[in-house]
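Listed here are the chains, written in short residue letters.
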Amino acid sequence: MEKENRAWAKARPAPYRHVTLDAAMNQSKNVLSRRRFLASYLGLGVACAALLPEAKPAHASVPVPRPSVRPARNFPVLPPGAVSLESYGSHCTGCQLCVSACPHHVLRSFDRGLGALQPALSFENGYCHPECVACSQVCPTGALRPVAVRVKKSTQIGCAVLHPERCRVRTEGKECTECARHCPAGAVMLVDAQGSRMPLVDEERCTGCGACEFHCPVGPEPAIRIEGNAIHVRV
């Protein structure tokens, strides 16, 4: 009997507490405040996550980080469709539409003393992909003529030049295959030289896309760079 009384005492509801209307409202406000705080916190987390850079897949081609400077070139590397330095210089008004249209962010404006900031290719942030002709499709003045992808892939806008004294194969004694591995035209080969494999550029195949310069791990100035062609030629 005593066990049953103890069990009943544990099971019975807690004694009734008198709660005033003001206390109930204050309790509700506290609950709502906590909910609003949690909602704001979660909303801030979602917003911050949206601002984070998109993660790249493991197989994405990412160059080795290096401090970079814009290499000095004898001739600027002009966009596909420019035909020649003379034609481009006399038609380009520096409207920057091609710069805005470039999805790979390789067009930069340069002041060549002609009164306009005329764009040319620069490879600190990427290279000119063979299948991309976006810049040639938006030029309103004819400085860039529309180019088909198949024509672009066989047009040389510049050519890679190796500076072996800066190549890490020579300076560090390490094998490096970045320029050859990333060349979409297969224009950079590795050949035996003094017991090491050094890059060699096939000038007949190089299109001047800048992939080798972009992926070169040597800094601040890459060991391989693109020299622009005064006249674009088919290869």
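Residues numbered from 1 in each chain as written. Predicted model: local features only at pLDDT ≥ 70, side-chain atom pairs only at ≥ 80, totals over all residues. Heavy atoms only, no water.

1. Observations regarding the overall build of the protein chain
And then number 1: For the protein chain, the helix and strand inventory stands at nine helices and six strands.
And then number 2: Split into buried and exposed, the 235 residues of the protein chain put 35% on the buried side.
And then number 3: Intrachain contacts of the protein chain at a sequence separation of at least 6 include 65% that bridge at least 24 residues.
And then number 4: Of the roughly 14,900 Å² of accessible surface on the protein chain, a fraction of 58% belongs to carbon and sulfur atoms. (Helix = DSSP H or I, 4+ residues; strand = E, 2+ residues; numbered from the N terminus. Buried < 20%, exposed > 50% of the residue type's maximum accessible area, 1.4 Å probe, protein only. Contact = heavy atoms within 4.5 Å. Areas by Shrake-Rupley, 256 points an atom, 1.4 Å probe, with all protein chains shown as cover.)

2. Some points on the nonpolar core
And then number 1: By size, the foremost hydrophobic cluster in this structure holds 39 residues, and its most contacted members are Y88, L121, F123, A160, V201 and I224.
And then number 2: At the level of elements, α3 (85–91), β3 (155–162), β5 (196–201), α9 (211–215) and β6 (224–234) are the ones that each hand at least two residues to this core. (Core = buried A, V, L, I, M, F, W, Y, C linked by side-chain atoms within 4.5 Å.)

3. Some words on the pattern of salt bridges
It is possible for side chains of opposite charge to pair when their charged atoms get near one another.
And then number 1: For the coordinates displayed, the defined rule picks out eight salt bridges.
And then number 2: Here R225 ties to E221 by a salt bridge, and the two come within 3.8 Å at their closest N and O atoms.
And then number 3: Overall, the relative accessible area of 13% leaves R225 in the buried class.
And then number 4: R225 serves as the salt-bridge partner of E227, at 3.1 Å between the closest nitrogen and oxygen. (Salt bridge = Lys/Arg side-chain N within 4 Å of Asp/Glu carboxyl O.)

4. Some words on the pairing of β3
And then number 1: Here β3 lies mainly inside the structure; six of its eight residues are buried.
And then number 2: Looking at chain direction, β3 and β6 are connected through seven bridges and run antiparallel. Bridge pairing in β6 links A160 to I226. (Pairing = 2+ DSSP bridges.)

5. Thoughts on the side chain of S84
And then number 1: If you trace the backbone, S84 turns up in the loop between α2 (21–51) and α3.
And then number 2: A polar contact of 3.1 Å, which involves the side chain of S84, links it to the backbone nitrogen of S87.
And then number 3: With residues up to four places along the chain from it excluded, the contact list for S84 reads L78, A230 and I231. (Polar contact = N/O pair within 3.5 Å; in protein donor to acceptor, adjacent residues only side chain to side chain.)

6. Regarding unusual backbone geometry
And then number 1: Across the junction of G219 and P220, the peptide omega takes the value 5°, indicating a cis bond.
And then number 2: Mapped onto the elements, P220 comes out in the loop between α9 and β6.
And then number 3: Of note, V83 is a non-glycine position whose phi angle comes to about 70°, a positive value.
And then number 4: Examined against the element boundaries, V83 turns out to sit in the loop between α2 and α3.
And then number 5: For H105, which is not glycine, the phi torsion reads 60° and is therefore positive.
And then number 6: With respect to the element layout, H105 can be found in the loop between α4 (97–101) and β1 (107–111).

7. Observations regarding the environment of L78
And then number 1: Within the secondary structure, L78 sits in the loop between α2 and α3.
And then number 2: Accessibility expressed as a relative area gives 1% for L78, which makes it buried.
And then number 3: Sequence-distant contacts of L78, defined by excluding residues within four places in its chain, comprise S84, L85, Y88, L121, I157 and H232.

8. Side note on the packing of aromatic side chains
And then number 1: Counted according to the given criterion, the structure contains one aromatic pair.
And then number 2: On the numbers, 6.4 Å between centres and 40° between planes, the contact of Y127 with F214 is tilted. Note that Y127 is positioned in the loop between β2 (117–121) and α5 (134–138) and F214 in helix α9, a separation of 87 residues in sequence.
And then number 3: A relative accessible area of 12% means that F214 is categorised as buried. (Phe/Tyr/Trp six-rings, centres within 6.5 Å; stacked < 30°, edge-to-face > 60°.)

9. A look at the environment of G89
And then number 1: Of note, G89 is situated in helix α3.
And then number 2: According to the relative accessible area criterion, G89 is buried, its value standing at 18%.
And then number 3: Residues G89 and A143, spaced 54 residues apart in sequence, show a C-alpha to C-alpha distance of 7.7 Å.

10. Thoughts on the confidence of the model for the protein chain
And then number 1: Taken over all residues, the pLDDT of the protein chain has a mean of 79, while the share at 70 or more is 69%.
And then number 2: When mean pLDDT is taken per element in the protein chain, β3 scores highest with 98 and α2 scores lowest with 42.
And then number 3: Considering only residues more than four positions removed or in separate chains, one finds that residues 7–25, a stretch of pLDDT under 50, has one contact.
And then number 4: This stretch, residues 31–63, has a pLDDT under 50; its non-local contacts, to residues over four places away or in other chains, come to five contacts. (pLDDT = per-residue confidence, 0-100.)

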